[in-house]
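Examination of the molecular architecture
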Amino acid sequence: MEFDNPTPGPLLAEINSPADLKKLKPEQLQDVCDELRQFIIDTVSVHGGHFGASLGVVELTTALHYVYDTPEDLLVWDVGHQAYGHKILTGRRDQFHTNRKYGGLSGFPKRTESEYDTFGVGHSSTSISAALGMAVARDLDKSDKKVVAVIGDGAMTAGLAFEAMNNAGAMNSDILVILNDNNMSIDPNVGALKEYLADITTSKTFNKMRDEVYDMLGHFKSAGDKMRKVASRLEKAMTAALTPGSLFRALGFKYYGPVDGHDVDGLRKMMEDLRDVKGPKLLHTVTVKGKGFAPAEREQTKWHASSSPFDKITGKSLAEPKNDDKTELPPKYQDVFGEALVELAAKDENIVSMTPAMPSGSSLWPMMNTFPDRAFDVGIAEQHAVTFAAGLAAEGKKPFCAIYSSFLQRGYDQLVHDVAIQKLPVVFCIDRAGLVGADGPTHHGAYDISFMRAIPNMIISSPLNEQGLRDMMYTASRYDEASWAIRYPRGRATGMDTKDKFEDIEIGKGVCLREGEGVAILSFGPIGKYAMEAADTLAEEGAHIGYYDMRFAKPLDTDLLDEICERYDHIITLEDGARMGGFGSAVAEYIGEKVKRPTLKIMGIPDRIIEHGTQRELHAEIGIDAKGILEQVRPLITVNA
Ligand SMILES: Cc1ncc(C[n+]2csc(CCOP(=O)(O)OP(=O)(O)O)c2C)c(N)n1
Ligand SMILES: CC(=O)[C@@H](O)[C@H](O)COP(=O)(O)O
Ligand SMILES: [Mg+2]
């Protein structure tokens, strides 16, 4: 169907690999760029996907594949949401309409998909570390391939990117980092680095400071020999300090730029020169997110990604509302969170909130707009977001840290070291918990229940619906004993009528929503809707199973579990999270230790913080030394003397 697979322009139609691109004359590259951009617009306007970032790097992508000898030379994309042009130029043009679809291409570079995808991505700020690893491997192999990392200004704000720059500069490794500076993250980029880059690209501060310094030096120079020398030395130092890119130079990189990232010929020439420059170097390109599609240039956050079909000229959505009666769609869970937070913050001035660069995705804008002093976008900095929250909690504030499940993986040490061990009452509002859909494995929120369950001093809860989410947030806002995680999924809630008033929920208590016999389903979180559906279907068939909304993975409602174990022969647990170590595992561990034959005793570090001592002392304290094992085994055996 033509609709499925847009027709490429005449040049693009002949490009099945970068080798075909290289056959063209440099003068033809701008035409290739125009066709590539149009092909991306044609495809995304029908099939959806990430959008603005790929449009912004069309020239960069074309120049890179023209100059570098990919896949021999290694090209590493950061995040990878901007790699659509790369996919199209590297043999995937005809499958591109399957992008992000079940069984189709991945929305991000993926090693198993193509030899041109050197490193799997989805999460930000990994490119420089990965490129450095590849460069060092190259050196160990005595090869001379080139390694290039392409990283955005947003991704550059993460600690990981700085760690890599710091290491690469010191190792003097031969890599090229291309900083694609469009002055945007998903939302407007934030932080001091953003200001620094803006200063370089607009040169306002640079020019002003240089003029002032030179004026001042002029006065010195007319003041005799000694002063002239001082002035000359000062001038050199100031020039070095004020020349664009001094931050990167301080980290050991040669800095080039800023250059126009939409001038494909300029980029080509620059890259041809840089191929021969050894050592760590950074090329600063300035681009426009959404370049070439006016609505996307105008509203860059909205067009970061588009899930619905849209008009290729106006950008107007062509999507029909999904519900059949065309009434209002239920709110998204993220919006239920965003609104409830403002309501709670209005009642309690200690409530503060932060997001690591996802104020739109996590719906933190209402809080940031209503209480600008109490809500923060901290940049792509999940580790910092968690510890920043911990600091606020240490001083008596009540932080609600809004964070996607898969991005919280970055903050695991901070959860343990900064929050749990100190028993600080941070509330984690974990969005995108469970399978997220088209973004795939890098973004599925599969592991949070498992990785949090192992940590003491954390409550782990998930509501069945939007009312549950509001009430959990309310109860958590009044709980100061330890931290509390509330997880909810990407997408829409149930559409139920919610009460204006918040209600306390009992911590660690589940609810029976349907009594039955034989089989009981125990669910955790909004995925319980499927359990209700299944129970309804069975009821129509005359079979009545039990259904329980357990609400808490930690602490487990063991009283309710005892009742359930008494009453039913079969238990089925259901969660939108990894089976291993998750809510089901918690239930299995509890029941496992109750079963009569064979009995099970799980020995290990218990669910509390263990203080210091010798290993022997501590193993003895928690009963996992030989004596502790004997205490468990002896009652179970008869020893024949
Ligand atoms: C660790 C992590 N946190 C957050 C995100 C969500 N995210 C995806 S793209 C993006 C913005 C990246 O900005 P930039 O690197 O400047 O790229 P641009 O979209 O501007 O091209 C963010 C925050 C992510 N992918 N990974
Ligand atoms: C690339 C990236 O990490 C984000 O753009 C992500 O795709 C956003 O996901 P949501 O659409 O769930 O906010
Ligand atoms: Mg950017």
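Residues numbered from 1 in each chain as written. Chains lettered and ligands numbered in written order. Predicted model: local features only at pLDDT ≥ 70, side-chain atom pairs only at ≥ 80, totals over all residues. Heavy atoms only, no water.

Convention followed: UniProt positions are given in the numbering used here, feature names are shortened, and annotations may be inferred rather than shown by experiment.
The protein carries the name 1-deoxy-D-xylulose-5-phosphate synthase in an unreviewed UniProt entry, which gives Gracilimonas mengyeensis as its organism. For the record of the protein, the UniProt heading Subunit (unreviewed entry) holds the text "Homodimer." As its UniProt record puts it under Catalytic activity (unreviewed entry), the protein is described as follows: "D-glyceraldehyde 3-phosphate + pyruvate + H(+) = 1-deoxy-D-xylulose 5-phosphate + CO2".

**Focus on a nonpolar patch on the surface**
Under the convention used in this document: Patch construction takes residues with relative accessible area above 30% that form no salt bridge. Like charges are linked within 9 Å, and nonpolar side chains (Val, Leu, Ile, Met, Phe, Trp, Tyr) are linked within 5 Å. Computed with a 1.4 Å probe, the accessible areas rest on the Shrake-Rupley method; for each residue, only the protein chains presented here act as cover. Salt-bridge detection follows one rule: a side-chain nitrogen of Lys or Arg within 4 Å of a carboxyl oxygen of Asp or Glu. Secondary structure elements follow DSSP: runs of H or I of four or more residues count as helices, runs of E of two or more count as strands, with numbering from the N terminus.
Among the surface-exposed residues, Met603, Ile629, Val633, Leu636, Ile637 and Val639 lie close enough to one another that they form a single nonpolar patch of about 540 Å² accessible area. Within the element layout of this structure, isoleucine 629 appears in helix H26 (residues 626-633).

**Some words on the coordination of the magnesium ion (ligand 3)**
For clarity, the cut-off: The donor set comprises N, O and S atoms within 2.8 Å of the metal, extended to 3.2 Å for Na, K and Ca; water molecules are omitted, so apparent gaps in a site may simply reflect that omission. Accessibility here uses a 1.4 Å probe with only protein chains present; expressed as a share of the type maximum, an area under 20% marks a residue as buried, one over 50% as exposed, and anything in between as partly exposed.
Here the magnesium ion (ligand 3) is held by Asp153 (OD), Asn182 (OD1) and Met184 (O), and the distances to it run 2.0 to 2.1 Å. Written as a sequence motif, the donor arrangement for the magnesium ion (ligand 3) is D-x28-N-x1-M. Here aspartate 153 is found in the loop between strand E3 (147-152) and helix H8 (159-171), whereas its partner methionine 184 is found in the loop between strand E4 (176-181) and helix H9 (192-202), with 31 residues between them in sequence. With respect to burial, aspartate 153 and methionine 184 carry one shared label: buried.

**Description of the nonpolar core**
Nonpolar side chains in soluble globular proteins tend to be buried together. Inclusion rule: Residues grouped as a nonpolar core are buried Ala, Val, Leu, Ile, Met, Phe, Trp, Tyr and Cys residues, joined through side-chain atoms within 4.5 Å. Residue contacts are defined here by distance: any two heavy atoms, one from each residue, within 4.5 Å place the two residues in contact.
Judged by nonpolar contacts, the single largest core of 46 residues is most densely connected at Ile40, Phe51, Leu64, Ile178 and Met271. Those elements that place two or more of their residues in this core are helix H1 (10-13), helix H3 (29-47), helix H5 (58-67), strand E2 (74-77), helix H6 (84-92), E3, E4 and helix H13 (264-275). Looking at this core, the element that brings in the most residues is H3, giving 8 residues. Ignoring sequence-local partners within four residues, the contact set of methionine 271 consists of Leu60, Ala63, Leu64, Val67, Tyr68 and Ile178. Counting residues in each nonpolar core, the second largest holds 43 residues, with Cys401, Ile403, Phe524 and Val587 among its members.

**Examining unusual backbone geometry**
The amide bond that connects threonine 70 to the next residue, proline 71, takes the cis arrangement and shows omega of 5°. Structurally, the position occupied by proline 71 is in the loop between H5 and E2. The backbone of lysine 423 shows a phi angle near 55°, a positive value even though the residue is not glycine. In this fold, lysine 423 is placed in the loop between helix H19 (412-420) and strand E11 (427-431). Of note, the phi angle at arginine 551 is positive, near 65°, even though the residue is not glycine. For arginine 551, the location among the structural elements is in the loop between strand E16 (546-549) and strand E17 (552-554).

**Quick notes on the UniProt feature "binding site: Mg(2+)" (unreviewed entry) in the protein**
The cut-off we apply is this: Definition of a polar contact: a pair of N or O atoms within 3.5 Å, with one able to donate and the other able to accept a hydrogen when the atoms are protein atoms, and with sequence-neighbouring residues admitted only if both atoms are side-chain atoms.
Within this structure's numbering, the places UniProt gives as "binding site: Mg(2+)" (unreviewed entry) are Asp153 and Asn182. Spanning 30 residues, the named residues form one tight spatial group whose C-alpha atoms are at most 6.8 Å apart. What makes aspartate 153 buried here is its relative accessible area of 2%. Aspartate 153 has contacts with Leu179, Asn180, Asp181, Asn182, Asn183, Met184, Asn189, Leu193 and Leu197, leaving out every residue within four places of it along the chain. At 3.2 Å, the side chain of aspartate 153 forms a polar contact with the backbone nitrogen of asparagine 183. Beyond its immediate chain neighbours, meaning those up to four positions away, asparagine 182 contacts Asp153, Thr287, Val288 and Lys289.

**What about the site of ligand 2?**
Quick reminder of the rule: Any residue with a heavy atom positioned within 4 Å of a molecule or strand is treated as near that molecule or strand. Throughout, the ten residues Ala, Val, Leu, Ile, Met, Phe, Trp, Tyr, Cys and Pro are labelled nonpolar, Asp, Glu, Lys and Arg are labelled charged, and all others, Gly among them, are labelled polar.
Near ligand 2 lie 13 residues; those nearest to it are His304, Tyr404, Asp439, His443 and Arg490. Tyrosine 404 is positioned such that a nitrogen or oxygen atom in its side chain is 2.6 Å from an oxygen atom of ligand 2. Here the residues of the shell around ligand 2 are counted per class, giving 5 nonpolar, 5 polar and 3 charged.

**Observations concerning the layout of surface pockets**
The criterion, for reference: Both site types are read off a 1 Å grid over the protein atoms alone. A 1.4 Å probe that fits but cannot get out defines a cavity, while an open set with protein on both sides within 12 Å along at least five of seven lines defines a pocket; lining residues have an atom within 4 Å of a point. Grid points are joined across faces, edges and corners, and a volume is the space filled by probe spheres set on the points.
Considered as a void within the structure, the second largest pocket measures approximately 910 Å³ in volume. Along its surface, the second largest pocket is lined by 34 residues, and Arg453, Glu589, Ile605, Pro606 and Asp607 are the ones closest to its centre. At the level of elements, H19, helix H20 (448-453), E17, helix H24 (583-592) and H26 are the ones that each hand at least two residues to the lining of the second largest pocket. When the residues that make up the lining of the second largest pocket are grouped by side-chain class, the tally is 19 nonpolar, 7 polar and 8 charged.

**Here's the deal with the pattern of salt bridges**
Taken as a whole and assessed by the stated rule, the structure comprises 30 salt bridges. Of the charged contacts, one joins aspartate 42 and lysine 312 as a salt bridge, the two residues approaching to 3.0 Å between their closest N and O atoms. One end of the pair, aspartate 42, is in helix H3; the other, lysine 312, is in the loop between strand E7 (305-306) and helix H15 (333-347), and 270 residues separate them in sequence. On the accessibility criterion, aspartate 42 (12% relative accessible area) is buried. The exposure class assigned to lysine 312 is partly exposed, which follows from its relative accessible area of 41%.

**Details of the packing of H5 against H6**
The description of two packed helices rests on the angle between their axes and on the distance between the axes. The condition is simple: For every element, the axis is a line fit to its C-alpha atoms; helices are fit only across the contacting stretch, and the angle between N-to-C directions ranges from 0 to 180 degrees. What sets the label is the angle itself: under 35 degrees gives roughly parallel, over 145 gives roughly antiparallel, 65 to 115 gives roughly perpendicular, and the rest give oblique. Take the far helix as your reference; a near helix turned counterclockwise from it by less than a right angle gives a left-handed crossing, and one turned clockwise gives a right-handed crossing.
Interhelical geometry of H5 versus H6 gives an angle of 40° and a closest axis separation of 9 Å. With respect to their mutual orientation, H5 and H6 come out oblique. The chirality of how H5 crosses H6 is right-handed. Across from Thr61, Thr62 and His65 in H5, the residues of H6 making contact are Gly85, His86, Leu89 and Thr90. Tallied by class, the residues present in the contact of H5 with H6 amount to 1 nonpolar, 6 polar and no charged.

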